[in-house]
Structures are given as structure tokens and as C-alpha cells.
Amino acid sequence: VVTRDDVEESLKALWQYVKDKEQLLKDLHSQIEETDQRLSAKQGERDYWLEYKNVISKTQANKIMNLEKDIKEVKDNLQRATGQFTASVMQALQALSNAVRYLDKSCRREIEENEWLKEEVR
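Basis of the calculations
Residues numbered from 1 in each chain as written. Predicted model: local features only at pLDDT ≥ 70, side-chain atom pairs only at ≥ 80, totals over all residues. Heavy atoms only, no water. Helix = DSSP H or I, 4+ residues; strand = E, 2+ residues; numbered from the N terminus. Buried < 20%, exposed > 50% of the residue type's maximum accessible area, 1.4 Å probe, protein only. Areas by Shrake-Rupley, 256 points an atom, 1.4 Å probe, with all protein chains shown as cover. Salt bridge = Lys/Arg side-chain N within 4 Å of Asp/Glu carboxyl O. Expected span 1.5 Å × (residues − 1). Bend = angle between axes of the 7 residues up to and from the residue. Phe/Tyr/Trp six-rings, centres within 6.5 Å; stacked < 30°, edge-to-face > 60°.

Side note on the overall build of the chain
Across its full length, the chain holds two helices and zero strands. Oriented by its inertia axes, the alpha-carbon framework of the chain measures out at about 150 × 35 × 10 Å. Split into buried and exposed, the 122 residues of the chain put 0% on the buried side. In the form shown here, the chain has an accessible surface area of approximately 11,800 Å², with 57% of it arising from carbon and sulfur atoms.

Structure below.
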């Protein structure tokens, strides 16, 4: 024999069971939303790093190569200019030496004395 109280108790237990399951379902939905948000954030981060790997790093590598090429060109130009300057100075010194040889004795003596004075002043 089932009494009214037994039925009410059973219905209350069933109602509480359903209520607990609904709360569990809400909690699961909440956890799913949080997981979706974290997944979305991680996918965004992954997309950024993939773009960096595939695009930005290649762009920076190209910039670095171009800068290295520019540095090499500047070094080459500097070496070339240094060589030309050295050659010009050598030619000027040789021309001066030749010009001094063709001067008369007194002028050469003055130049030698001038050189001696310069050394004494230093």
C-alpha cells in the first residue's frame, strides 16, 4: 500500500533530482562557454604566431638581408674611396717631391729649414 505521503515524498525526490540535473546542465553549459572562450583566445594566439611565422618573419628576414647588402655596398664603396684617396695622396707627394728636385739649391735649403722648424715646434 502506497500512501499519499509516500507519493509526495517520491515526487519531491524526483523533483529534486530533476532540479539537480538542470543545475548540473547549467553548470556544464557555463563550462562549455568558458572553454569556447579560452579556445577562441588560443586560436587567435595561434593565428597570430602562424602569421608571424609565415609573413612577418619573412618580411623581417628580407629587411635584414637588404640591410646586410647595404652594409656590404657601403664597405665596398669605403674601400674603393680609401684606395683612390691613398693613390691621390701618393701622387701628390710624388709630384711635390719632383717639384722640389727641380728647385734651385737655396729654395731647397729653405724648405729643409722649414721642415726642421716644423719638427722643433712639435
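Here we look at the pattern of salt bridges
On inspection of all chains with the given rule, the structure shows four salt bridges. In this structure, K72 engages D76 in a salt bridge whose closest nitrogen and oxygen atoms are separated by 3.1 Å. Of this pair, K72 and D76 both sit in helix α1 (residues 4-101), four residues apart, which is roughly one turn of that helix. Judged by its relative accessible area of 30%, D76 is partly exposed. With its nearest N and O atoms 3.5 Å apart, the salt bridge here joins R109 to E113. With R109 and E113 both in helix α2 (residues 105-121), this residue pair falls four residues apart, about one helical turn. Judged by its relative accessible area of 40%, E113 is partly exposed.

Some thoughts on α1
Look at α1: 140 Å from first C-alpha to last across 98 residues, which is about the 146 Å you get at 1.5 Å a residue. At Y52, α1 shows its largest bend, some 45°.

Here we look at the packing of aromatic side chains
Summed over all chains, the structure comprises two aromatic pairs. Between Y48 and W49, the ring centres sit 5.0 Å apart and the planes meet at 75°, which makes this aromatic pair edge-to-face. The exposure class assigned to W49 is partly exposed, which follows from its relative accessible area of 48%. Centroid distance W49 to Y52: 5.7 Å. Interplanar angle 75°. Geometry classified as edge-to-face.

Shape descriptors only; they carry no functional weight alone.
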